[in-house]
Amino acid sequence: MVGTAGFLLLLGLFQWDVMHELDARLATRLQAGNAAFSKDIVLVDVPKGGGIPEFRARLGGMLQGMTTQPGNLPRTVGLDMWFEAETPGHERVLAGITALQDQKVPVIGAVNIYKENRDGLDADYDKRHIMAVYGRMDGVGHNAINNPSSSDAWAFYVPCPGGQWPMAMAVLLAGQQGMCDREDGAERRIPLGEPLLQSPTHQVLGFDQVCPFGWRQYGGECLSSQPQLRNRIVVVGRFADDPSPYAGRPGPEIIAWAVNDLLGLGGRSMLNNAAMHLLLALLTSGVALLFFVGLLRFFRRWRLNPSRIALVAGGVALLLPVGLISLARLLGHDFSQILLPVLTLLLTLALATHYQGTIALGAEQARKALLDMDFAAYDVFVSYRHSHRDWVEGTLKPMLEAIRRVDGRTLSLFFDSEGIYSGNSWANRLGRVIHESRVFLAILTPDYFEPNAQGRKVCEWEMEQALQRHAENAMTILPVFHAGYDPEQNTPSKLPHLRPIQGSSSTAPNWAEKARERILDALDKEK
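Residues numbered from 1 in each chain as written. Predicted model: local features only at pLDDT ≥ 70, side-chain atom pairs only at ≥ 80, totals over all residues. Heavy atoms only, no water.

**Q** I'd love a proper account of the state of the cysteines, names of residues and values included.
**A** According to the stated counting rule, one finds two disulfides in the structure shown. Between the sulfur atoms of cysteine 160 and its disulfide mate cysteine 180 the distance is 2.0 Å. The sign of the S-S torsion, about -75 degrees, decides the handedness of the disulfide formed by cysteine 160 and cysteine 180: left-handed. One end of the pair, cysteine 160, is in the loop between β5 (154-157) and α6 (169-174); the other, cysteine 180, is in the loop between α6 and β6 (188-191), and 20 residues separate them in sequence. Across this residue pair, the class does not change: cysteine 160 and cysteine 180 are buried. Disulfide pairing places cysteine 211 opposite cysteine 222 at an S-S distance of 2.0 Å. Across the S-S bond of cysteine 211 and cysteine 222 the torsion is about -70 degrees, and the bridge reads as left-handed. Here cysteine 222 lies in the loop between β8 (215-217) and β9 (233-237) and cysteine 211 lies in the loop between β7 (204-207) and β8, a separation of 11 residues in the sequence. (Disulfide = S-S within 2.5 Å. Helix = DSSP H or I, 4+ residues; strand = E, 2+ residues; numbered from the N terminus. Buried < 20%, exposed > 50% of the residue type's maximum accessible area, 1.4 Å probe, protein only.)

Listed below in structure tokens is the structure:
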């Protein structure tokens, strides 16, 4: 229940902004400022000045001026501004759009899909626009950019909203309309490089009729010739009064970075598939859990210290996401959620460690609870199935009773019998006896590891206790293969560490003498 609650919490973090916030901070440190801006994109600022009619006249004149040099025509022109229906002076803009289209230059426009002076999207946004202008354009897209999460190193937008909403303007400018068939409604995160308006680059221009050729370097001197626009994507806007949630970065710049990313020119693309991230998280935690369980089973000497095993298992499991993420980076991609697989792995190991620690604590408490019980230590603990009692009592027991130690003493023997398994205390009683015995003599028969009439695998449980003591060098295990027992076929796969312990067959002519020698050797070594 605790594990389920913890995993649901992680899924909640994955859905909420908390996980995106943490991931954005981590990704920002890894990649902030590393995106390169393509030389195929040019930003153009057209200052508002003089009111809307004058601005639109100036904009239309600039668009027409682009057509004066047929050998210097741009690939596409994007107008990152919207034309309100109730404002005048759109004729010059329409003439400029027509002039460009006559030269086979597509023109893409931006629309405002938000409710005016209110929050939320406006289903009737088109009624607030001059459709005579937009109807003449080659494409219309939204320019909505979401608020930044933790820094201005990333921009967030929805390229393909679906339904009645237009796809992003950047998608149209980049000619990537096909992506909307695969990622309908998915948010996209794009890396931002250094603010373009603050860098001395010829890719950011200003249109100024005062200049001889009508162009100037943004914030600088007039150009002495027409700028190089041939086969470039030109994004036009009003930098000074363009709203943007990113300080020092107007909307046209964010649009340009989005185009940059869609063209694969901005560095690494982001892998934003939620199913991929969830699969990576489950795969990582599953590998960690398998290693944890495996190490617990095969390294018995660490059983009482599960934290060490969890540390090793976590380190091995982390190689999986690190390897996959490194491979993705080599292929030019990055995961947008980095922390989900890591946090899931840590939760898995924490729960597994807690569970194993609880088991170990319970076993220790049970052992201490038995300290006050009447008890006698034994030299030999005999473990066998009740179905073979006749052979044990008729052959084995007399042989063991006949053994004499060097000082002439007989061996103290404990014969396991299913007859003592009444009530709920059998595990405590047998566990204490095994814990204090010196030699564990197991009569391994084909049904030794099978459940008894009550459905309990008592002999298997006894063997596991003995193997734990054996791993601590506190007990000698002496198996006797009886009634056709085959170590390869009859030993459970969960006990592979039992196979290296050599045993003797009860059909061998000298098995009794060998058993006697090994028992005495084990008891003498203890001294």
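**Q** Can you explain the packing of helix α3 (residues 52-65) against helix α4 (residues 91-102)? Please cite residues and give values.
**A** Between α3 and α4, the shortest axis-to-axis distance is 7 Å and the interhelical angle comes to 15 degrees. Taken together, the axes of α3 and α4 lie roughly parallel to each other. Seen along the crossing, α3 lies across α4 with a hand that is left-handed. On α4, the residues that touch Arg56, Ala57, Leu59, Gly60, Gly61, Leu63 and Gln64 of α3 are Arg92, Val93, Ala95, Gly96, Ile97, Ala99 and Leu100. Residue classes in the contact of α3 with α4 are distributed as eight nonpolar, four polar and two charged. (Axes fitted to C-alpha atoms, helices over the stretch in contact; angles between N-to-C directions. Parallel < 35°, antiparallel > 145°, perpendicular 65-115°, else oblique. Left-handed = near helix turned anticlockwise from the far one by under 90°. Contact = heavy atoms within 4.5 Å. Nonpolar A, V, L, I, M, F, W, Y, C, P; charged D, E, K, R; others polar.)

**Q** Run through the sheet that holds β8, naming residues and quoting values.
**A** Spatial ordering of the open sheet is given by β4-β3-β2-β9-β1-β7-β8, a layout of seven strands whose pairing is mixed. A single partner strand is all that each edge strand has here, and the edge strands are β4 (139-142) and β8. Neighbour-to-neighbour, the strand axes of the sheet open up by a mean angle of 30 degrees, direction not taken into account. Where strand β1 (residues 41-45) meets β7, three bridges bridge the pair, whose relative direction is parallel. When the sheet's bridge partners are listed, valine 44 is paired in β7 with leucine 205. Here α3 sits on the sheet and contacts β1, β2 (76-79), β7, β8 and β9; the angle it forms with β2, its principal contact strand, is near 175 degrees. The sheet strands contacting helix α7 (residues 251-262) are β1 and β9, and the helix crosses β1 at an angle near 170 degrees. (Pairing = 2+ DSSP bridges.)

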